[in-house]
Amino acid sequence: MTAVSARRHKKRKLKAEINVVPYIDVMLVLLIIFMVTAPLLNLGVDIELPQSTARPLEQKKEPIIVSLNREGKMWLVLQGGKNEPVTEEQMVAKVGAFVRNDKNVPVYVAADSDVAYQKVYDVLTALQTRANVPRAGLMSQQGEAKQ
């Protein structure tokens, strides 16, 4: 047999391998996309609460939190739920429904320190008169004692 005929009789063996390089490339691209977009997902409202030296209250139940930002827009967190933007009418209806089910549910108003006092007062009045909240509190940040 000549060398040419020996090469013709020799068949190539099939390789049963999976090329994982494209999968690694896709995973790295997805990782970079998630790393870039994760900080952009802002689920909260930027509120700069006034500072206080009062001790925090101990609560056994998750509170309902009504938040006001600098522009006076309102957000609502219902007992550990999602922070959602609401109008005053929606806030009154939702908080009123929770209070009708449980009169002892804590309700707090968290307003930015730059919000007009009248706006905070209007929210507290709406909670007490229209949503029938027996007690509503104000939230603040822990600050240093002033002398």
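Residue positions are counted from 1 within each chain, in the order its sequence is given. Local features in this predicted model are restricted to residues of pLDDT 70 or higher, and side-chain atom pairs are both shown and tallied only at a pLDDT of 80 or more, whereas totals for entire chains, interfaces and linings draw on every residue. Each side-chain value is worked out from all heavy atoms of the structure, with water and hydrogens disregarded.

Caption draft 1: How the structure looks around the overall build of the protein chain. Put simply, DSSP marks the helices as runs of H or I at least four residues long and the strands as runs of E at least two long, and each gets a number from the N terminus on. A count of helices and strands for the protein chain gives 4 helices and 7 strands. Remark: exposure states derive from per-residue accessible area (1.4 Å probe, protein chains only) relative to the maximum for the residue type, with buried under 20%, exposed over 50%, and partly exposed in between. For the protein chain, the residues scored as buried account for 28% of the 147 residues in total. Carbon and sulfur atoms make up 56% of the accessible area of the protein chain, which totals about 11,900 Å². Each accessible area is a Shrake-Rupley result for a 1.4 Å probe, and residues are judged covered by the shown protein chains and nothing else.

Caption draft 2: Geometry of a nonpolar patch on the surface. Only residues whose relative accessible area exceeds 30% and that form no salt bridge enter a patch; like-charged residues are grouped when within 9 Å of one another, and nonpolar side chains (Val, Leu, Ile, Met, Phe, Trp, Tyr) when within 5 Å. By definition, a salt bridge exists where a carboxyl oxygen of Asp or Glu is found within 4 Å of a side-chain nitrogen of Lys or Arg. A cluster of nonpolar residues, Ile18, Val20, Tyr23, Ile24, Leu28, Leu31 and Met35, forms a patch on the protein surface that exposes about 760 Å² of accessible area. Following the sequence through the fold, Val20 ends up in the loop between α1 (3-9) and α2 (21-37). Looking at Val20, the relative accessible area reads 45%, which means it is partly exposed.

Caption draft 3: How the structure looks around the sheet that holds strand β3 (residues 74-78). Strands are treated as partners if at least two bridges between them are detected by DSSP. Spatial ordering of the open sheet is given by β4-β3-β2-β5-β6, a layout of 5 strands whose pairing is mixed. In this open sheet, the two strands that pair with only one neighbour each are β4 (84-86) and β6 (136-138). Strand-to-strand, the axes of this sheet are offset by a mean angle of 30°, without reference to chain direction. With 3 bridges connecting them, β3 and β4 associate as antiparallel partners. The residue bridging Met74 from the neighbouring strand is Val86, located in β4. The contact criterion used is simple: two residues touch if any of their non-hydrogen atoms lie within 4.5 Å. Every axis in this analysis is a line fitted to C-alpha atoms, fitted for helices over the stretch in contact. Angles between the N-to-C directions lie between 0 and 180 degrees. Against the sheet, helix α3 (residues 88-101) contacts β2 (64-68), β3, β4 and β5 (107-111), and its axis sits at roughly 20° relative to β3.

Caption draft 4: Just the pattern of salt bridges, in detail. Across all of its chains, the model carries 4 salt bridges by this definition. Notably, a salt bridge pairs Glu84 with Lys94, separated by 2.3 Å at the nearest N-O pair. Placement of Glu84 in strand β4 and of Lys94 in helix α3 is noted, with a sequence separation of 10 residues between them. Judged by relative accessible area, which is 32%, Lys94 ranks as partly exposed.

Caption draft 5: Quick peek at the nonpolar core. Ranked by internal contacts, the top residues of the largest apolar core, which has 23 residues, are Leu76, Met91, Val95, Val107, Val123 and Leu127. For this core, the element with the highest residue contribution is helix α4 (residues 117-129), accounting for 5 residues. Each residue touching Val123, except ones within four places of it in the same chain, is listed here: Val66, Leu68, Met74, Met91 and Val109. Residues belong to a common nonpolar core when they are buried Ala, Val, Leu, Ile, Met, Phe, Trp, Tyr or Cys residues joined through side-chain atoms within 4.5 Å.

Caption draft 6: Fine view of the environment of Ala126. One can find Ala126 in helix α4. Between the C-alpha atoms of Ala126 and Glu89, which are 37 residues apart in sequence, the distance is 9.1 Å. With sequence-adjacent residues up to four places away left out, Ala126 is seen in contact with Glu88, Met91, Val92 and Ala131.

Caption draft 7: Looking closely at unusual backbone geometry. Positive phi, normally seen in glycine, also occurs at Asn132, with a value near 60°. Along the chain, the position of Asn132 falls in the loop between α4 and β6. Residue Asn132 is classed as partly exposed on the basis of its relative accessible area, which comes to 46%.

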